[in-house]
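Structural overview for review
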Amino acid sequence: MKITAILLAAGQGTRMKSSLPKVLHPVAGKPMIWHALKAIAQSTTEKPVVVVGHGAGEVTKYLGDSAQIVEQEPQLGTGHAVLQAEASVKGKSDLVVVCYADMPLMRGETLQRLVETQKRNSGPVSMLTVIADDPRGFGRIIRNPDGTVSAIVEEYVATPEQLQVKELNVGGYCFDAKWLWDALHRIPKNPKKGEYYLTDTVELAAKDGLPVHATVMDDLEETIGVNTRVHLSEVEAAMRRRINETHMLNGVTMIDPASVYIEADVRIGKDTTLMPNTCLHGGTELGEGNIIGPNTIIRDTKVGNGCKILASVLEGALLENDVDMGPFARLRKGAHLGNHVHMGNFGEVKDSRLAEGVKMGHFSYIGNAQIGANTNIGAGTITCNYDGEKKHATEIGEDVFIGSDTMLVAPLKLGDGAKTGAGAVVTKDVPADTLVVGMPARAIRKLERKTKKK
Ligand code: UD1
Ligand code: CA
């Protein structure tokens, strides 16, 4: 059986008061429409069709080839919007799922159940409803005395009696395709707004004497449609709780989940602990047994196992295992810290690799550098990697000791076992096992190396 989803995303989203199309507003770091498409993918067999209109260019660009795009111009209502997909879908699908792109909390499982319900329904449509005290401007479900659904009435045309109805239209439907295409052409133009409402198909079915199946949902949160930024914040909070709960159920500890922010794509291994005020963004992946935070921001970074990261900011970095960082350390793009690296307060690393066991305790900047195993970077060391025009590389060997406040003027190489005196300004390469001091630094002694255990 072929099942296609049509996702409506053409509306202006006037109430958002934004120059960004509503469906591109992020929830847990991903555009609202990303969440809608993810849920839809679980219940359908064909590529989804997205109806775009306002901000069509931006939305289309975002979607790429993840969906078939259909344009609705002008936007004459939700029924008219679905009709724009007729040419792409008619004759190619047995069932059609229709959803609104402004409902990012809708679960894939719910849509799956909706499709299953319609498969068993002898009538042409199954839909989702919810019973709530706050109507939020939703359409009211009108039922016959025998309990069957007879119509959906939009709030602004509802009679005072109809306004009292607590059962609301969520905005998720599964239609028998053949019936749908015919019905859409029969929707009357709404006399007040001159629009064609998808919700009127329900009344058409009832008038045809065909049963409409309405499933009452019990998770209120899932039904939140975002019309304003207040709704957006409600959805964000609910999504955050949902994401955090999923991680906790998968073995992640959170001391205070209310202060932990994890975006939708982040992955976390078991027995990792997230302390308060931890923000994990983008494609961040954390392994097992890490302790992250308090007060840590990590974006697009891969962290191995057993690391401790306290009050630090990491972006585009890679950490192997048992790294100990912070407080107040910063990793920028291309920072790679090997096993057992220690990076203390006020350090910054960018485009550099610190091999296993490197220690960098205090106040240092390492950029465009390769640092060999077990090297010690003294307090206040700086790789002077930029000469005002170009970036240059610094290569430091294994078991090197960089004295406090050393300036390493790149391009520069320091051999294994080399040592610099405090305050050295190193402008020339340093051979292995050699001590340099002064400004500019000069070699003063050959050293004997104590071989370290690895
Ligand atoms: C709609 C429903 C209402 C339901 C509520 C749930 C209709 C007529 N009303 O009302 O019964 O309770 O959702 O959230 O369907 N869109 C288009 N083209 C258009 C108009 C809208 O693509 O011409 C899209 C919008 O981008 C949006 C969705 O359809 O994603 C719903 O439109 P919106 O204006 O938000 O409808 P509501 O007033 O919320
Ligand atoms: Ca809406």
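All figures in this text were calculated on a predicted structure; none of them were measured in a lab.

Parameters at a glance
Residues numbered from 1 in each chain as written. Chains lettered and ligands numbered in written order. Predicted model: local features only at pLDDT ≥ 70, side-chain atom pairs only at ≥ 80, totals over all residues. Heavy atoms only, no water. Phe/Tyr/Trp six-rings, centres within 6.5 Å; stacked < 30°, edge-to-face > 60°. Helix = DSSP H or I, 4+ residues; strand = E, 2+ residues; numbered from the N terminus. Buried < 20%, exposed > 50% of the residue type's maximum accessible area, 1.4 Å probe, protein only. Lys NZ or Arg CZ within 6 Å of the ring centre and 35° of its normal. Axes fitted to C-alpha atoms, helices over the stretch in contact; angles between N-to-C directions. Parallel < 35°, antiparallel > 145°, perpendicular 65-115°, else oblique. Left-handed = near helix turned anticlockwise from the far one by under 90°. Contact = heavy atoms within 4.5 Å. Salt bridge = Lys/Arg side-chain N within 4 Å of Asp/Glu carboxyl O.

1. Some words on the packing of aromatic side chains
The full count for this structure, using the stated rule, is 4 aromatic pairs. Here phenylalanine 328 and phenylalanine 346 contribute two aromatic rings whose centre-to-centre distance is 5.4 Å and whose plane-to-plane angle is 20°, an arrangement assigned as stacked. Taken together, the residues span a long stretch of sequence, with phenylalanine 328 in the loop between β24 (324-325) and β25 (330-331) and phenylalanine 346 in the loop between β27 (342-345) and β28 (348-350) at a distance of 18 residues. Taking the relative accessible area as the measure of exposure, phenylalanine 328 reaches 48% and is therefore partly exposed. Taken together, Tyr100, Tyr173 and Phe175 form an aromatic cluster joined through their ring pairs. The cationic tip of arginine 240 hangs over the ring face of tyrosine 261; the distance from NZ or CZ to the ring centre is 4.0 Å. Between the NZ or CZ atom of lysine 391 and the centre of the ring of tyrosine 386, over which it lies, the distance is 5.5 Å.

2. So, the packing of helix α1 (residues 32-41) against helix α2 (residues 56-63)
Two elements in contact, α1 and α2, have axes separated by 11 Å at closest approach and are oriented at 50°. Compared by their axis directions, α1 and α2 come out oblique. Between α1 and α2 the crossing geometry is right-handed. Residue-level inspection shows Ile33, Trp34 and Leu37 of α1 in contact with α2, the latter providing Val59, Tyr62 and Leu63.

3. Structural notes on the pattern of salt bridges
Enumeration according to the criterion identifies 18 salt bridges in this entry. Of the charged contacts, one joins lysine 22 and aspartate 102 as a salt bridge, the two residues approaching to 2.9 Å between their closest N and O atoms. Of this pair, lysine 22 sits in the loop between β1 (3-9) and β2 (26-27) while aspartate 102 sits in the loop between β6 (95-100) and α5 (108-120), and the two are 80 residues apart along the sequence. Aspartate 208 is the partner of arginine 186 in a salt bridge, and the nearest nitrogen-oxygen pair spans 3.0 Å. Remark: aspartate 208 occurs in the loop between α8 (200-207) and β11 (212-217) and arginine 186 occurs in helix α7 (residues 177-186); sequence separation between them is 22 residues. Taken together, the salt bridges that share partners define one network made up of Arg107, Asp219 and Glu222.

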